[in-house]
Amino acid sequence: RLFYGYVDGGFFPDRMHGDYFAELNVPLARQRYAVDVVGPLPEGVGIVDEAPARPEPYVLFVGRLIARKGLDVLLRAFAGASPPVRLVVIGDGPDRAALQALAAALGLEGRVQWLGRLSNTEARHYMARAVALLVPSEFEQWGLVVNEAWMAPTLVLGSDTVGALRAAYKTEMRWMLLPPGDVAAWRQALARLLALGIDERAALLDETRRLAENYSLAAHTQSALELISLPPRARPMALASLLARAWHGRVAVW
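Note that the coordinates shown come from a computational prediction; the quantities given were computed from them, not determined experimentally. (Residues numbered from 1 in each chain as written. Predicted model: local features only at pLDDT ≥ 70, side-chain atom pairs only at ≥ 80, totals over all residues. Heavy atoms only, no water.)

Topic: the overall build of the chain
Okay, step 1: Looking only at helices and strands, the chain features 10 helices and 8 strands.
Okay, step 2: With 254 residues in all, the chain has 43% of them scored as buried.
Okay, step 3: Restricting the contact set of the chain to residue pairs at least 6 apart, pairs at least 24 apart contribute 67%.
Okay, step 4: For the chain, the exposed area adds up to about 13,200 Å²; of that, 58% sits on carbon and sulfur atoms. (Helix = DSSP H or I, 4+ residues; strand = E, 2+ residues; numbered from the N terminus. Buried < 20%, exposed > 50% of the residue type's maximum accessible area, 1.4 Å probe, protein only. Contact = heavy atoms within 4.5 Å. Areas by Shrake-Rupley, 256 points an atom, 1.4 Å probe, with all protein chains shown as cover.)

Section: helix H2 (residues 71-81)
Okay, step 1: Among all positions in H2, only Leu71, Val73, Leu74, Leu75, Ala77 and Phe78 are buried.
Okay, step 2: Check the buried side of H2 and you find it contacts strand E3 (58-62), strand E4 (86-90), helix H3 (96-105), strand E5 (112-116), strand E6 (132-135) and helix H7 (183-194).
Okay, step 3: Serine 82, located one to two residues past H2, shows a positive phi value of around 50°.

Remarks on the side chain of aspartate 14
Okay, step 1: By the secondary structure assignment, aspartate 14 is in the loop between strand E1 (10-12) and helix H1 (18-23).
Okay, step 2: Of the buried charged residues, aspartate 14 lacks a salt bridge, with lysine 170 as the closest side chain of opposite charge at 6.6 Å.
Okay, step 3: Excluding residues that lie within four positions of it along the chain, aspartate 14 makes contacts with Tyr33, Trp142, Ala167 and Tyr215. (Lys, Arg positive; Asp, Glu negative; His and termini not counted. Salt bridge = Lys/Arg side-chain N within 4 Å of Asp/Glu carboxyl O.)

Brief notes about the pairing of E4
Okay, step 1: Burial of E4 is extensive: 5 of the 5 residues sit out of reach of the surface.
Okay, step 2: Residues Arg86, Val88 and Ile90 line one face of E4 and the alternating positions Leu87 and Val89 line the opposite face, and both faces are buried.
Okay, step 3: Bridging between E4 and E5 involves 4 bridges; their strand directions are parallel. The residue of E5 that forms the bridge with valine 88 is glutamine 113. (Pairing = 2+ DSSP bridges.)

Focus on the packing of aromatic side chains
Any aromatic ring pair is given by two values, namely how distant the centres are and how the planes are angled relative to each other.
Okay, step 1: Evaluation of the coordinates by the stated rule reveals 7 aromatic pairs.
Okay, step 2: Members of the aromatic cluster, each reached through a chain of ring pairs, are Trp142, Trp150, Tyr169 and Tyr215.
Okay, step 3: The residue whose ring lies beneath arginine 129 is tyrosine 126, and the NZ or CZ to ring-centre distance is 5.0 Å. (Phe/Tyr/Trp six-rings, centres within 6.5 Å; stacked < 30°, edge-to-face > 60°. Lys NZ or Arg CZ within 6 Å of the ring centre and 35° of its normal.)

Thoughts on the pairing of strand E7 (residues 155-159)
Okay, step 1: With respect to burial, E7 is a largely interior element, 5 of its 5 residues being buried.
Okay, step 2: Running through helix H5 (residues 144-151), the crossover from E6 to the neighbouring parallel element E7 is right-handed.
Okay, step 3: Two strands pair when backbone bridges link them, and E7 and strand E8 (residues 177-178) are joined in this way by 2 bridges, in the parallel orientation. Looking at E8, one finds that serine 159 is bridged to leucine 178. (Right-handed = clockwise from strand over helix to strand, strands pointing away.)

Thoughts on unusual backbone geometry
Okay, step 1: The peptide bond linking alanine 152 to proline 153 adopts the cis configuration, its omega dihedral lying at -5°.
Okay, step 2: Take proline 153: it is sitting in the loop between H5 and E7.
Okay, step 3: One non-glycine residue with positive phi stands out, namely asparagine 25, at about 85°.
Okay, step 4: One can find asparagine 25 in the loop between H1 and strand E2 (31-33).
Okay, step 5: For asparagine 25, a relative accessible area of 24% gives the class partly exposed.

Concerning the side chain of threonine 208
Okay, step 1: When you line up the elements, threonine 208 lands in helix H8 (residues 198-213).
Okay, step 2: When neighbours within four sequence positions are excluded, threonine 208 is seen to be in contact with Trp150, Pro153, Thr154, Leu155 and Met173.

Points about the nonpolar core
Okay, step 1: Counting residues in hydrophobic clusters, the biggest one holds 61 residues, and the most contacted among them are Leu71, Leu87, Trp150, Tyr169 and Leu193.
Okay, step 2: When residues in this core are grouped by element, the largest group, 6 residues, is from H2. (Core = buried A, V, L, I, M, F, W, Y, C linked by side-chain atoms within 4.5 Å.)

This is the structure:
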């Protein structure tokens with residue numbers, strides 16, 4: 001708190017971090033948000049679309065294939081509900097073979113497509129065409145993939161432990177926040193997602209576009225400019241400044 005008392009301002013991902021840092025002596029008036037910037041894809045950048053042989057809609061998972069990411073929950077939810085979509089999986093990891101074996105045991109071989117690791121550009125094009133991005137992680141401090149999906153734009157269903165979703169989803173979108181590991185809740189949410197009418201989906205996509213603007217380059221730049229324009233706080237005495245420079249626990253710039 002003593003050190004932060006000399007900091008001119010703080011740049012954080014979202015207002016939900018504000019009270020914590022205010023307690024550490026960075027007042028709310030000296031805080032700005034929108035660190036996790038996602039820009040639009042460049043014009044003309046694309047991938048070769050899949051052949052029309054796979055025209056059916058799909059939902060998307062993007063992430064490392066490890067236990068914490070919760071892909072097994074999605075597979076079990078799919079197996080119980082038989083939704084009329086396929087699941088496209090982008091990513092790789094040590095649990096890939098086990099997850100593919102689980103999908104086979106659940107009878108999902110023809111409904112799950114494993115694309116492996118793709119570039120960020122390719123993954124974001126898949127997001128743009130998806131019915132929704134699914135983020136069933138046990139925990140995500142933030143989850144930049146959520147910002148990327150909002151920018152696509154596409155809807156995002158995710159665990160209520162994903163920081164980006166907890167910060168953004170208000171009353172009308174709370175049904176898109178699910179308990180991690182709860183197969184029944186995911187099955188129910190998928191059914192609701194796929195039953196959305198045209199107007200309902202359009203309204204949710206409009207809200208998604210608004211959320212994307214909060215993490216755009218323009219929002220980031222505006223926040224940075226506002227921080228730069230704040231009047232400096234009092235500086236410590238020379239001895240404290242020298243001690244800060246010698247402190248190896250954190251980075252200190254004076």
